[in-house]
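# Descriptive structure summary
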Amino acid sequence: MPEQPPKLKPARFNAPWSRELKLLTLLASVILIGISTLLLVKEPEQSPPLYHLGIWLPLVLLVLCALFTVRGYQLEGDHLLVLRPGWRSRVSLRGLQSVTLDAKAMDDSIKLFGNGGLFSYLGLFRNKKLGRYRAYATDAAKAVVIKLPTSTVVVTPDKPQLFVQIAQKLAGSTVTS
């Protein structure tokens, strides 16, 4: 019977917030809470249902974005787990082509769909360097680009070099770093 390779323990990484993300989140939160507060204080006696939507929609948006915050990452087997408050997203690393460090990977990106700075940079983006990619990011200066057969993913772990090394080992690939 052939000897099985030893299983590596899952590796966990934090998702630190950049100064820019902290400022964007603070500013957007103040604006959203301010809109709801102002509308609530100025609410007329006979307010239409649409007025109530204006009160609650900014708060719902704030809560939804908070629920999708990227708290960290876990490399486990041939999967990347994106850790969220109370849940996680799973990204298959099967067919991994490369894992590289690139602090400028997200430069000049255009958001196609998602969140561009309220608790995280999350969703589909595009730029000349990467083409279309999915981001689960909190600090673009720590960007790790994961190239897969049909997609590109950008994550921003607290220890990007270690993340690259472990991702390569777990995937069993001979990829560049």
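See the structure above.
Owing to the predicted nature of the structure, the values given are computational and were not obtained by experimental measurement. (Residues numbered from 1 in each chain as written. Predicted model: local features only at pLDDT ≥ 70, side-chain atom pairs only at ≥ 80, totals over all residues. Heavy atoms only, no water.)

### Quick word on the overall build of the protein
Keep this limit in mind: Labels follow the DSSP assignment, with helices taken as runs of H or I lasting at least four residues and strands as runs of E lasting at least two, numbered in each case from the N terminus. To get the radius of gyration, use the C-alpha atoms; to get the globule rule, take the number of residues to the power 0.38 and multiply by 2.2 Å. For every residue, the accessible area (1.4 Å probe, protein chains only) is compared with the maximum for its type, and the residue is labelled buried under 20%, exposed over 50%, or partly exposed between those bounds. Only heavy atoms enter the contact rule, under which two residues are in contact if any of them lie within 4.5 Å. Here the open area of atoms and residues is found with the Shrake-Rupley method and a 1.4 Å probe, where only the protein chains shown may cover a residue. We score Asp and Glu as negative and Lys and Arg as positive, and we do not count His or the chain ends. For this purpose, a charge sits on NZ of Lys, CZ of Arg, CG of Asp or CD of Glu.
For the protein, the count of helices and strands is three helices and ten strands. In sequence order, the protein lays out its α and β elements as β-α-α-β-β-β-β-β-β-β-β-β-α. Its C-alpha radius of gyration of 20 Å places the protein more than 25% over the 16 Å reference for a compact globule of 177 residues. On the principal axes, the C-alpha backbone points of the protein span a range of 80 × 35 × 25 Å. A burial count over the protein gives 42% of its 177 residues as buried. Sequence separation of at least 24 residues holds for 52% of the intrachain contacts in the protein that already meet a minimum separation of 6. With an accessible surface of roughly 10800 Å², the protein has 61% of that area assigned to carbon and sulfur atoms. When the 22 positive and 11 negative side-chain charges of the protein are each reduced to one mean point, those points stand 4 Å apart.

### A closer look at the nonpolar core
Soluble globular proteins: nonpolar side chains tend toward being buried together. Under the convention used in this document: Only buried residues count toward a nonpolar core. Its members are Ala, Val, Leu, Ile, Met, Phe, Trp, Tyr and Cys residues joined through side-chain atoms within 4.5 Å.
The biggest cluster of nonpolar side chains holds 24 residues, and the ones touching the most others in it are Tyr 73, Leu 75, Leu 80, Tyr 136, Ile 146, Val 155 and Phe 163. Taken together, the elements giving at least two residues each to this core come down to strand E1 (11-14), strand E2 (72-76), strand E3 (79-84), strand E9 (144-147), strand E10 (152-155) and helix H3 (160-171). Sort the elements by how many residues they give to this core and H3 lands first, with five residues. Grouped together as the second largest cluster of nonpolar side chains are twelve residues, Tyr 133, Ala 135, Ala 143 and Val 154 included.

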